[in-house]
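Summary of the model geometry
The primary structure of each chain is shown beneath.
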Amino acid sequence: MRASAAVAVVASVIALAVAPGAGAASTSNLIGAVGKNGAFTITLKNARGKVVRTLPAGTYTLVVRDYSTFHNFELEREHHGASRDITDVDFVGTKTLRVKLTRGEYKVYCEPHESTMSQSFIVR
């Protein structure tokens, strides 16, 4: 009886550890898009499709879909001057990379159209 109870407890702990949406696994993927359908838009969403406003600090897989030769996708940590070009203006396609985000204010933007194509978020 004790052995089967112990197995049941271990099985439930394992199930919680790998359950969809449990822990950091639910926030580990970010999806960026720029210029979809010719629009002057840029977005950064989480794996659930919600626009990113805040994130916990950590390492993320960032998948960026660039649909236009008029735009690019850049990630910048504001107030530090550090930016990273994810795609170039001439690039069309998908890029996937790992990014480590530390506490601070960030934004994604299209460099040629930054005044109208940007999205800010906070990493806590």
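Residues numbered from 1 in each chain as written. Predicted model: local features only at pLDDT ≥ 70, side-chain atom pairs only at ≥ 80, totals over all residues. Heavy atoms only, no water.

Some points on the pattern of salt bridges
Tallied over the full model, the rule gives one salt bridge. Lysine 107 serves as the salt-bridge partner of glutamate 114, at 2.3 Å between the closest nitrogen and oxygen. (Salt bridge = Lys/Arg side-chain N within 4 Å of Asp/Glu carboxyl O.)

A few points about the sheet that holds strand 7 (residues 93–101)
The sheet built from four strands is open, its strands ordered 2-1-4-7 with mixed pairing. Each edge of the sheet is formed by a strand with only one pairing partner; in this case those strands are strand 2 (42–46) and strand 7. Neighbouring strand axes in the sheet, compared pairwise and without regard to direction, differ in orientation by 20 degrees on average. Of the pairings in the sheet, the one linking strand 1 (residues 29–34) to strand 4 (residues 58–66) comprises six bridges and is parallel in character. Residue pairing across strands places asparagine 29 opposite threonine 61, the latter belonging to strand 4. (Pairing = 2+ DSSP bridges. Helix = DSSP H or I, 4+ residues; strand = E, 2+ residues; numbered from the N terminus. Axes fitted to C-alpha atoms, helices over the stretch in contact; angles between N-to-C directions.)

Here's the deal with the confidence of the model for the protein
Low-pLDDT stretches of the model should not have their predicted coordinates read in fine detail. Here the protein averages 84 in pLDDT, while 78% of its residues score no lower than 70. Counting interchain partners and residues more than four positions distant, the pLDDT-below-50 stretch residues 1–27 has seven contacts. (pLDDT = per-residue confidence, 0-100. Contact = heavy atoms within 4.5 Å.)

A short note on the packing of aromatic side chains
Across all of its chains, the model carries one aromatic pair by this definition. Measuring from ring centre to ring centre gives 5.6 Å for tyrosine 106 and phenylalanine 121, while their planes differ by 15 degrees; the resulting arrangement is stacked. On the criterion of sequence distance, the pair formed by tyrosine 106 in strand 8 (residues 104–109) and phenylalanine 121 in strand 9 (residues 118–123) is long-range, its members being 15 residues apart. The same class applies to tyrosine 106 and to phenylalanine 121, which are both buried. In this structure, lysine 95 packs its charged tip against the face of phenylalanine 91, placed 4.7 Å from the ring centre. The ring centre of tyrosine 109 lies 5.0 Å from the NZ or CZ of lysine 107, which sits over that ring. (Phe/Tyr/Trp six-rings, centres within 6.5 Å; stacked < 30°, edge-to-face > 60°. Buried < 20%, exposed > 50% of the residue type's maximum accessible area, 1.4 Å probe, protein only. Lys NZ or Arg CZ within 6 Å of the ring centre and 35° of its normal.)

Focus on the pairing of strand 9
Because side chains alternate across strand 9, one face comprises the buried residues Gln119, Phe121 and Val123, and the other comprises Ser118, Ser120 and Ile122, none of which is buried. Two strands pair when backbone bridges link them, and strand 3 (residues 54–55) and strand 9 are joined in this way by two bridges, in the parallel orientation. Counterpart to leucine 55 in the pairing with strand 9 is valine 123. Bridging between strand 8 and strand 9 involves six bridges; their strand directions are antiparallel. Residue pairing for strand 9: glycine 104 is matched across the bridge by valine 123.

Some remarks on the environment of threonine 102
Relative to the elements of secondary structure, threonine 102 occurs in the loop between strand 7 and strand 8. Each C-alpha atom of the pair threonine 102 and arginine 77 lies 9.1 Å from the other, and the pair is 25 residues apart in sequence. Among all residues touching threonine 102, those that are not within four sequence positions of it are Ala57, Arg77 and Val123.

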